[in-house]
Structure formats: C-alpha cells, structure tokens
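# Analysis of the macromolecular model
As a plain string of letters, each chain reads:
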Amino acid sequence: MSFEKDYYESPAFWAEGMVSDHLNSMRIRETINMIPSDTTTLLDVGCGNGVFPNLLSEIRREIKVTATDRSK
C-alpha cells in the first residue's frame, strides 16, 4: 500500500473531530471567507473526510455544496 492510501483509508482520518483543531479551523474559515459573496454552488473534488464542505454548508447555507472523494 502507498503512504497516501494508508493515510486516507485509515479509520482515524475519518473519526469525528479529525483535523478540527484550532489552526485547521482557522484555515478552513479563512478559505470560506475567500469565496465570493455571489457564489451559489461549489464542487469540492477530493474533499477527504468532508471537514471543509461540512463547515461551509453550516456557515454559508445559500451555497449548494457537492463534495466527492476517491476514498471509501
């Protein structure tokens, strides 16, 4: 197995709270702030465990978010 597959297929990566520490939360919120105000749809290809699209859906409810990842 490759390092990438080992990492992304690890049950720990998909656990609740993974990558939701303070610095990652700040990074995700800053990224959300860069999305133009007139955006109505967003496609996240390679969304990993969904931390970004899930938070985006909470903060910017007017944006229809579609997210996909190759991981199971």
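Rules used in this analysis
- Residues numbered from 1 in each chain as written.
- Predicted model: local features only at pLDDT ≥ 70, side-chain atom pairs only at ≥ 80, totals over all residues.
- Heavy atoms only, no water.
- Buried < 20%, exposed > 50% of the residue type's maximum accessible area, 1.4 Å probe, protein only.
- Helix = DSSP H or I, 4+ residues; strand = E, 2+ residues; numbered from the N terminus.
- Arc of directions from axis to C-beta.
- Contact = heavy atoms within 4.5 Å.
- pLDDT = per-residue confidence, 0-100.
- Patch = residues over 30% accessible without salt bridge, like charges linked within 9 Å, V, L, I, M, F, W, Y side chains within 5 Å.
- Areas by Shrake-Rupley, 256 points an atom, 1.4 Å probe, with all protein chains shown as cover.
- Salt bridge = Lys/Arg side-chain N within 4 Å of Asp/Glu carboxyl O.
- Core = buried A, V, L, I, M, F, W, Y, C linked by side-chain atoms within 4.5 Å.

### A word on helix α3 (residues 51-59)
Along α3, the positions that sit buried rather than exposed are Phe52, Pro53, Leu55 and Leu56. Take α3 and look down its axis: the buried residues cluster within an arc of 165°, on one side only. In this structure, the buried side of α3 is in contact with α2 (22-33), β1 (41-45) and β2 (64-68).

### As for the confidence of the model for the protein
Scored by pLDDT, the protein has a mean of 86; 88% of the residues are at 70 or more. Across the protein, element-level confidence peaks in β1 with a mean pLDDT of 98 and bottoms out in helix α1 (residues 3-8) with 74.

### Thoughts on a nonpolar patch on the surface
On the surface, Phe3, Tyr7 and Tyr8 cluster together into a nonpolar patch covering about 340 Å² of accessible area. Note on placement: phenylalanine 3 falls in helix α1. Classification of phenylalanine 3 as exposed rests on a relative accessible area of 69%.

### Some remarks on the pattern of salt bridges
Note on pairing: side chains with opposite charge can pair once their charged atoms come close. Tallying each qualifying case throughout the model produces one salt bridge. A salt bridge links glutamate 62 to arginine 60; the nearest nitrogen and oxygen atoms lie 2.6 Å apart. With a relative accessible area of 13%, arginine 60 lands in the buried category.

### Comments concerning the nonpolar core
The biggest cluster of nonpolar side chains holds eight residues, and these are Ile28, Ile32, Ile35, Leu42, Phe52, Leu55, Leu56 and Ile63. Contributions of two or more residues to this core are made by α2 and α3. When residues of this core are assigned to their parent elements, the largest contribution, three residues, is made by α3. Every residue in contact with isoleucine 35, bar those within four places of it in the chain, is listed here: Leu42, Phe52, Leu56, Arg60 and Ile63.

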